[in-house]
Amino acid sequence: MLFIIQAFEDTLEASWVHSESVAEEELLNTGESLEAMKNDEMSQIVDMLNQLDTRNLKKAKAVLQAMFFTPFD
């Protein structure tokens, strides 16, 4: 239960101001490719994951699984 509460608190602290479509449109207007943007995003995520210890890495995996890979019918 504490894990779920912490995950919700962490999610609330995340910035959700720019949607993906707005960010992609801004990048296209500046001339940067979507592929470059995706590579940069992936690199940032991998860097963050590399900083985690085993316990927190398992938490991150559980959050990713719950948020993005669990169907909510």
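This one's a predicted model, so the numbers in the text were calculated from it and none came from an experiment.

Focus: the overall build of the protein chain
1) Next: Of regular secondary structure, the protein chain possesses four helices and zero strands.
2) Next: Shown N-terminal to C-terminal, the secondary structure of the protein chain runs as helices and strands in the order α-α-α-α.
3) Next: Here the protein chain has roughly 6700 Å² of accessible surface; of this, 61% comes from carbon and sulfur atoms.

Some details on the confidence of the model for the protein chain
1) Next: Summary statistics for the protein chain give a mean pLDDT of 78 and a share of 71% for residues scoring 70 or more.
2) Next: Looking across the protein chain, the model is least confident in helix H2 (residues 20–30), with a mean pLDDT of 63, and most confident in helix H4 (residues 54–68), with 92.

A closer look at a nonpolar patch on the surface
1) Next: On the surface, Met 1, Leu 2, Phe 3, Ile 4, Ile 5 and Phe 8 cluster together into a nonpolar patch covering about 680 Å² of accessible area.
2) Next: Here Ile 4 shows up in helix H1 (residues 2–13).

Looking at the environment of Lys 59
1) Next: With respect to the helices, strands and loops of the structure, Lys 59 is situated in helix H4.
2) Next: Separated by 52 residues in the primary sequence, Lys 59 and Ala 7 have C-alpha atoms spaced 8.7 Å apart.

Description of the environment of Thr 11
1) Next: Within the secondary structure layout, Thr 11 lies in helix H1.
2) Next: With relative accessibility at 28%, the residue Thr 11 sits in the partly exposed group.
3) Next: When the C-alpha atoms of Thr 11 and Val 63 are compared, they prove to be 10.0 Å apart, with 52 residues separating the residues in sequence.

Quick notes on the rules
Residues numbered from 1 in each chain as written. Predicted model: local features only at pLDDT ≥ 70, side-chain atom pairs only at ≥ 80, totals over all residues. Heavy atoms only, no water. Helix = DSSP H or I, 4+ residues; strand = E, 2+ residues; numbered from the N terminus. Areas by Shrake-Rupley, 256 points an atom, 1.4 Å probe, with all protein chains shown as cover. pLDDT = per-residue confidence, 0-100. Patch = residues over 30% accessible without salt bridge, like charges linked within 9 Å, V, L, I, M, F, W, Y side chains within 5 Å. Salt bridge = Lys/Arg side-chain N within 4 Å of Asp/Glu carboxyl O. Buried < 20%, exposed > 50% of the residue type's maximum accessible area, 1.4 Å probe, protein only.

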